[in-house]
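This is what each chain is made of:
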Amino acid sequence: MGACVTALIVIATIFGPITLVFIAVSFGTDNWLEFNVDRSKLTIDERGNFDFSRYTHTRNRGLFRECYPGNDTAFLDKSQGVVDGYCFNINYELPENRNVSDDFLSRIHLLRLFLAFYIISLVFFVAAYVFGLILCCWRVSRWAYIAGLCAYISAFSVAAAIAFFHGAEYLERNKLTEAEFYNAWSSTIKAATRRNYGWSYALGWVGMILAALTATFYSLAGCYITSARYEDRERFDKDPSTRGRDYPIALEPMYAVEDPYVIKPYAGPSPYAYPPTYGHPRAYTGPYILESPRYAIGYGSEGRDLWTMREMSS
């Protein structure tokens, strides 16, 4: 049982940083959508149209930017709002001085949800990894369940973000008629443009799957820890030597301690010797003697009093 718990925690801990890297790289890169344009299929007027040049060149789109990695990008020198020499920022704000359709507004809201759920995913998976590290130090089932819950929320958030991304993409391709969208392009531009999902999109799905697997491993570890606790309780209840004894049950991690001063009441030959005492040793105020050190098993916190120790059988 202990080996299974250790294996599950180790696997989840290894998956943690890998999943975090995949989700973060997918979030920050610009290859969610790739538009490959064969300019040889365009007309001369379309190739020379400066106002429409953004839609007649090969480009990549991410959460924050749309970039033009090719060499034939002279139009960027005359364009406004260029970032890093070859990119444009994606605008998530509602237009104020422009009449737009309801579908356009819905697309903006879907893109905002896309961005928000990805941020939620990153935050919850960082929390899951922190709780997983706590689980490595203190193998208590509640830490495993909390880490698993946070990882499940992270996986769900990535899946929801990708769903919102597809919703916005559907509106762009089938509903919107503004000049920058597919329905407003000429037939030659449509035929010359090939749209694909990029590697950033693929990393998002891989990160979601790894987050779900990490959550499953944490949850299984919590189930094994809980099962081991109840097995210990059942074993103590069935053991005749411990039935009815006021011994602590091993519900928490155990550690071996040495009690160098085992206190025992004085039992001399005098008829006026102090009677034996029961309960907490500090309740007895008579003379004491010290026996040789013995070993005991302590449960829970090491700083508790002597009555929380149980002598080990030699």
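Participant: Help me understand the environment of T214 in this model?
Facilitator: Tracing the backbone through its elements, the reader meets T214 in helix α6 (residues 199-238). The spacing of T214 and I11 is 203 residues in sequence and 7.9 Å in space, taken between C-alpha atoms.

Participant: I tried to follow the nonpolar core on my own but got confused; where do I start?
Facilitator: Core analysis: the biggest nonpolar cluster contains 36 residues, and W32, L63, F114 and Y118 have the highest contact counts within it. Of all the secondary-structure elements, those providing two or more residues to this core are α1 (2-28), β1 (33-37), α3 (102-137), α4 (141-174), α5 (187-192) and α6. At 9 residues, the largest contribution of residues to this core is made by α4. Leave out the neighbours within four places in its chain, and Y118 touches I23, S26, F27, W32, V158, A161 and G204. Membership of the second largest hydrophobic core comes to 11 residues, among which are V5, L8, A147 and I225.

Participant: Got a minute to help me understand the sheet that holds strand β5 (residues 87-89) in this structure?
Facilitator: Within a sheet, adjacent strands bond to each other through the backbone by hydrogen bonds, running parallel or antiparallel. Pairing is antiparallel in the open sheet, where 6 strands are placed in the order β4-β5-β3-β2-β1-β6. The strands lining the two open edges of the sheet, one partner per strand, are β4 (82-83) and β6 (193-197). Where β1 meets strand β2 (residues 59-61), 3 bridges bridge the pair, whose relative direction is antiparallel. Note on β2: the bridge partner recorded for L33 is R61. In the packing of α4 onto the sheet, the strands contacted are β1, β2 and β6, and the crossing angle to β6 comes to about 170 degrees.

Participant: Just to check I follow, could you spell out the packing of aromatic side chains for this structure?
Facilitator: Centre distance and the angle of the planes are the two values used to describe a pair of aromatic rings. Considering all chains together, one arrives at 19 aromatic pairs under this definition. Relative to F88, the ring of Y68 lies with its centre 6.0 Å away and its plane at 90 degrees, an arrangement referred to as edge-to-face. With a gap of 20 residues between them, Y68 in the loop between β3 (65-67) and β4 and F88 in strand β5 connect regions that are remote in the sequence. As far as the burial class goes, Y68 and F88 line up, both buried. Relative to W143, the ring of F131 lies with its centre 5.9 Å away and its plane at 20 degrees, an arrangement referred to as stacked. Of the two residues, F131 is situated in helix α3 and W143 in helix α4; the sequence distance between them amounts to 12 residues. According to the relative accessible area criterion, F131 is partly exposed, its value standing at 22%. On the basis of relative accessibility, which here comes to 21%, the residue W143 falls in the partly exposed class. A network of ring pairs unites the aromatic residues F27, W32, F64, F114, Y118, F165, Y197 and Y201 as a single cluster. Lying over the aromatic face of F35, R59 brings its terminal NZ or CZ to 4.5 Å of the ring centre.

Conventions we followed
Residues numbered from 1 in each chain as written. Predicted model: local features only at pLDDT ≥ 70, side-chain atom pairs only at ≥ 80, totals over all residues. Heavy atoms only, no water. Helix = DSSP H or I, 4+ residues; strand = E, 2+ residues; numbered from the N terminus. Core = buried A, V, L, I, M, F, W, Y, C linked by side-chain atoms within 4.5 Å. Buried < 20%, exposed > 50% of the residue type's maximum accessible area, 1.4 Å probe, protein only. Contact = heavy atoms within 4.5 Å. Pairing = 2+ DSSP bridges. Axes fitted to C-alpha atoms, helices over the stretch in contact; angles between N-to-C directions. Phe/Tyr/Trp six-rings, centres within 6.5 Å; stacked < 30°, edge-to-face > 60°. Lys NZ or Arg CZ within 6 Å of the ring centre and 35° of its normal.

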